[in-house]
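A structural walkthrough
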Amino acid sequence: MLIYNTTFHVTGERTQSLFLDFMRDVYIPKTKVSSYLRNTRFVSLITGLGDNVSGYALMSEVENIADLKHWKKEKEEDLLSLLYQRFGEGVLTFSTAMKIMDL
């Protein structure tokens, strides 16, 4: 089992409002109908990012690296392209895949 996390840094109050609408209406629904991602959660970062910058993360479970590669190619590329078309440099993202460790 893997955790796939995409972090978003959003600049400006107006961009933040539009971004949250976009996530609620477009991005998150696409993740929830995906057969690759499960237990998707959208969270607000509480650590300070700087003046007028808000942080959010979208976290999902994915069964294996092959499913993650399929998600990225079949769905995520298009969603991120749409995000960047709408918001340009007002929203920056980075993603991390993490393996759950049993210690």
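Everything in this summary refers to the structure shown in the same document. (Residues numbered from 1 in each chain as written. Predicted model: local features only at pLDDT ≥ 70, side-chain atom pairs only at ≥ 80, totals over all residues. Heavy atoms only, no water.)

Turning to the overall build of the protein, a few remarks are in order. A tally of helices and strands in the protein yields two helices and four strands. Along the chain direction, N to C, the helices and strands of the protein fall in the order β-α-β-β-α-β. The C-alpha atoms of the protein give 14 Å as radius of gyration, which agrees with the globular expectation for 103 residues (13 Å, within 12%). Dimensions along the principal axes, computed over C-alpha positions, put the protein at roughly 40 × 30 × 20 Å. (Helix = DSSP H or I, 4+ residues; strand = E, 2+ residues; numbered from the N terminus. Rg over C-alpha atoms; globule rule 2.2 N^0.38 Å.)

Summarising burial for strand β1 (residues 2-11): eight of the 10 residues are buried, a large majority. As paired elements, β1 and strand β3 (residues 53-62) share 10 bridges and run antiparallel to each other. By the bridge assignment for β3, T6 is matched with L58. Bridge count between β1 and strand β4 (residues 91-99): nine bridges; the pairing is antiparallel. Residue T7 lies in a different strand from β4, and its bridge partner there is F94. (Buried < 20%, exposed > 50% of the residue type's maximum accessible area, 1.4 Å probe, protein only. Pairing = 2+ DSSP bridges.)

So, about the side chain of D67. The topology assignment puts D67 in helix α2 (residues 65-87). In this structure D67 is buried but unpaired, with R38 as the nearest side chain of opposite charge at 6.7 Å. Among all residues touching D67, those that are not within four sequence positions of it are Y36 and V62. (Lys, Arg positive; Asp, Glu negative; His and termini not counted. Salt bridge = Lys/Arg side-chain N within 4 Å of Asp/Glu carboxyl O. Contact = heavy atoms within 4.5 Å.)

Unlike most non-glycine residues, N39 shows phi in positive territory, near 50 degrees. With respect to the secondary-structure elements, N39 resides in strand β2 (residues 37-44). Even without glycine at this site, N52 takes up a positive phi of about 65 degrees. Under the relative-accessibility criterion, N52 is labelled partly exposed at 47%.

This brings us to the pattern of salt bridges. Applying the stated rule across the entire model yields four salt bridges. E63 is the salt-bridge partner of R38, the closest N and O atoms lying 2.9 Å from each other. Of this pair, R38 sits in strand β2 while E63 sits in the loop between β3 and α2, placing them 25 residues apart in sequence. Judged by relative accessible area, E63 falls into the partly exposed class, the value being 39%. Of the charged contacts, one joins K72 and E76 as a salt bridge, the two residues approaching to 3.6 Å between their closest N and O atoms. Of this pair, K72 and E76 both sit in helix α2, four residues apart, roughly one helical turn. Judged by its relative accessible area of 4%, E76 falls in the buried class.

Purely spatial values, then, with no claim about function.
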